[in-house]
Amino acid sequence: MDISRRAAFGAALAGGAALAGGAAALLRPGEAEAAPDRTLPGAPAPDRQRGFDNQRICDLGDGRFLNPLLAGDHPDPAILKDGADYYMTFSSFDSYPGLTIWHSRDLVNWQPRGAALTKNIGAVWAVSLEKHNGRYFLYIPVKASPNSIFVIWADHIDGPWSEPIDLGLHDHIDPCHAVGEDGSRWLFLSGGDRVRLSEDGLSTIGKVEHVYDPWHYPEEWDVESFSPEGPKIHRHKGWFYMITAVGGTAGPPTGHMVIAARARSIHGPWEQCPANPLVRTVRNDEAWWSRGHASLVEAPDGSWWSVYHGFENGYWTLGRQALLDPVEWTADGWFRMTGGDLSGPIRKPGGGAALPHGQALSDDFSGPLALGRKWNFFKPAPSESDRVSIEAGTLVLKASGKAPADSSPLLLIAGDTGYAFECDIEIAPGGTAGLVLFYDEKLYCGLGFDEKRFVTHQYGMERGRPANPHGRRLRMRVTNRQHIVSFHLSGDGGKTWKRFDRGMEVSGYHHNVRGGFLMLRPGLYSAGAGAAKFRDFRFRAL
């Protein structure tokens, strides 16, 4: 059985210069892509609405929305309808605190609440977020030693969440909790397998069994691998529907896809949807690549929608972004997505109340650091949060390691194709600190400094070390404008700026080059000795 997405589971302020100065038949994708309120071919794109820090948001303010639903790396969406509320979380991999819970009341506008997972149990992949008998559950697959699937639970969506419980499932990923018509509880797993859960959902009963052979695409299609994964079980009008991702989550833009099957019983047999695949990128010039890993959800007005992920054309560096696609139930009891290639506006679902979307990434460090909701450590040690303190508008970050690779930097998720961020940085004697664009410990870029020299970070290495005339305190800005990166420095608190003589191009800082299923994230680091002080962190999408 191929469980790989992922064979890896087993074995990249207003612009730099400006800132420097101041019941239809079922059809396959491509056969019918018309959707209500989509922009016609050749029509100008609508003006994007902007939110906190000028970040793009999907709500157009006129009754329509434009994908992405959540910009930046929000892969493998797990969504839960809980009365009038919707909750969603995503694979958080090596970022901790992880599994940030997002909240919405209209399916379009989302706010982060907090992180459910604080203990580092490994790289977190696609989870299942469920509510059963009044209790919330997260089933969490991790890449660790050994790989396994854990469960945590809480009586309130904001926690406190339990300590992780190891279910001992070492050969699968992407669990999905499901309840049968007889009340039995199950975890459906990658590869068409499942295992029974105990009544309390905190342990397994019996052995893993194979119950489903997924539909297979034509062999001439360009895909990454078969890799059936991400099963999602939905019960609707007497049927159980199983939605699965095949084709590989990265690789060729045309690889990832959404397929479906159904059964009258949770125990099968499973009937393949005659219109598979229901979603697939069919051309390299489409707006969204590698679309897949879908769930179904009912909107406040009773309409149905699908949430899944995809890469933005040309921006693998932004990771897999969350997308929203309208769903139509057909007369024969199947369903189809009707948003086409998602390149144009779509009418919003009705009902519900719109929350302010997203959050500010700028931070004046005037209150507790928003760990998990905004900031995350990369591959933190158990005591990593002890490195952080807030003192009178200053983030004090104790030094760790020698460079970004081993310092567990503090990172953000930025979802725009261009942005700038800047910060006042003060180091201790023997310390090194700076700003980074960070993919993982072997692929990052940025600029740091000690009291005598700068250090340029590029390709995950420390390179040139020109003289530093500013000593132990300066203000630094990083601009990433569609993968072209520049640095500016100020020795007078941002009154005047000088461009640093090193530019970079980062379009290759992504999964198809490095692996890992991550994104290029802005952040800051503190290494060497002592502690670095960060003040007045400002972010602005361009």
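Our structure is the block above this text.
Presented here is an overview of the structure given in this document. (Residues numbered from 1 in each chain as written. Predicted model: local features only at pLDDT ≥ 70, side-chain atom pairs only at ≥ 80, totals over all residues. Heavy atoms only, no water.)

So, on to the sheet that holds strand 16 (residues 193–197). Backbone hydrogen bonds hold the strands of a sheet together, and the pairing may be parallel or antiparallel. Spatially, four strands are ordered 14-15-16-17 in an open sheet, and the strand pairing comes out antiparallel. Two strands lie at the open edges of the sheet, namely strand 14 (176–179) and strand 17 (204–210), each paired on one side alone. Pairwise comparison of adjacent strand axes, ignoring direction, gives a mean angle of 25 degrees for this sheet. By the bridge criterion, five bridges tie strand 15 (residues 185–189) to strand 16 in an arrangement that is antiparallel. Along strand 16, the bridge assignment pairs phenylalanine 188 with arginine 194. (Pairing = 2+ DSSP bridges. Helix = DSSP H or I, 4+ residues; strand = E, 2+ residues; numbered from the N terminus. Axes fitted to C-alpha atoms, helices over the stretch in contact; angles between N-to-C directions.)

Moving on: the pairing of strand 20 (residues 257–263). Burial within strand 20 is extensive, with seven of its seven residues counted as buried. Judged by which residues are buried, strand 20 turns out to be covered on both faces: Met257, Ile259, Ala261 and Ala263 on one side and Val258, Ala260 and Arg262 on the other are all buried. Bridging between strand 19 (residues 239–246) and strand 20 involves seven bridges; their strand directions are antiparallel. Bridge pairing in strand 20 places tyrosine 241 opposite arginine 262. Sheet topology note: the strand 20/strand 22 (residues 279–280) ladder contains two bridges and is antiparallel. Bridged to methionine 257 within strand 22 is arginine 280. Summarising the sheet, strand 20 and strand 21 (residues 271–272) pair through two bridges and their orientation is antiparallel. Its bridge partner being in strand 21, alanine 261 is matched across the sheet by glutamine 272. (Buried < 20%, exposed > 50% of the residue type's maximum accessible area, 1.4 Å probe, protein only.)

Moving on to the nonpolar core. In summary, soluble globular proteins display a tendency toward joint burial of nonpolar side chains. One finds Leu410, Ile425, Leu524, Phe534 and Phe537 to be the most contacted residues of the largest nonpolar core, which totals 57 residues. Among the elements that make up this core, the one with the highest residue count is strand 33 (residues 431–440) (six residues). Discounting residues that sit within four places of it in the chain, leucine 410 has contacts with Leu369, Leu371, Trp375, Asn376, Phe377, Val388, Leu395, Leu397, Pro522, Gly523 and Leu524. Within the second largest apolar cluster, 40 residues are counted, among which are Leu107, Val108, Ala275 and Leu296. (Core = buried A, V, L, I, M, F, W, Y, C linked by side-chain atoms within 4.5 Å. Contact = heavy atoms within 4.5 Å.)

Structurally, the position occupied by serine 400 is in the loop between strand 30 (394–398) and strand 31 (410–411). Separated by 60 residues in the primary sequence, serine 400 and glycine 460 have C-alpha atoms spaced 17 Å apart. For serine 400, the residues in contact, after removing those within four places along its chain, are Glu384, Arg387, Asp406, Ser407, Ser526, Ala527 and Gly528.

Time to look at the sheet that holds strand 8 (residues 111–117). Strand order in the open sheet formed by four strands is 4-5-7-8, and the pairing between neighbours is antiparallel. Of all strands in the sheet, those with a lone pairing partner are strand 4 (78–82) and strand 8, marking the two edges. Within this sheet the neighbouring strands show an average axis-to-axis angle of 25 degrees, counted without direction.

This paragraph deals with the pattern of salt bridges. Tallied over the full model, the rule gives 29 salt bridges. The closest approach of N and O atoms between aspartate 155 and arginine 135, which form a salt bridge, is 3.0 Å. On the criterion of sequence distance, the pair formed by aspartate 155 in the loop between strand 12 (148–154) and strand 13 (165–166) and arginine 135 in strand 11 (residues 135–143) is long-range, its members being 20 residues apart. The class of arginine 135 is partly exposed, set by a relative accessible area of 28%. Of the charged contacts in the structure, one is a salt bridge between glutamate 426 and arginine 473, with a shortest N-O distance of 3.9 Å. Highlighted residues: glutamate 426 in strand 32 (residues 418–426) and arginine 473 in strand 37 (residues 473–481), separated in sequence by 47 residues. Owing to a relative accessible area of 22%, glutamate 426 belongs among the partly exposed residues under this scheme. (Salt bridge = Lys/Arg side-chain N within 4 Å of Asp/Glu carboxyl O.)

On their own, these measurements won't tell you what the molecule is for.
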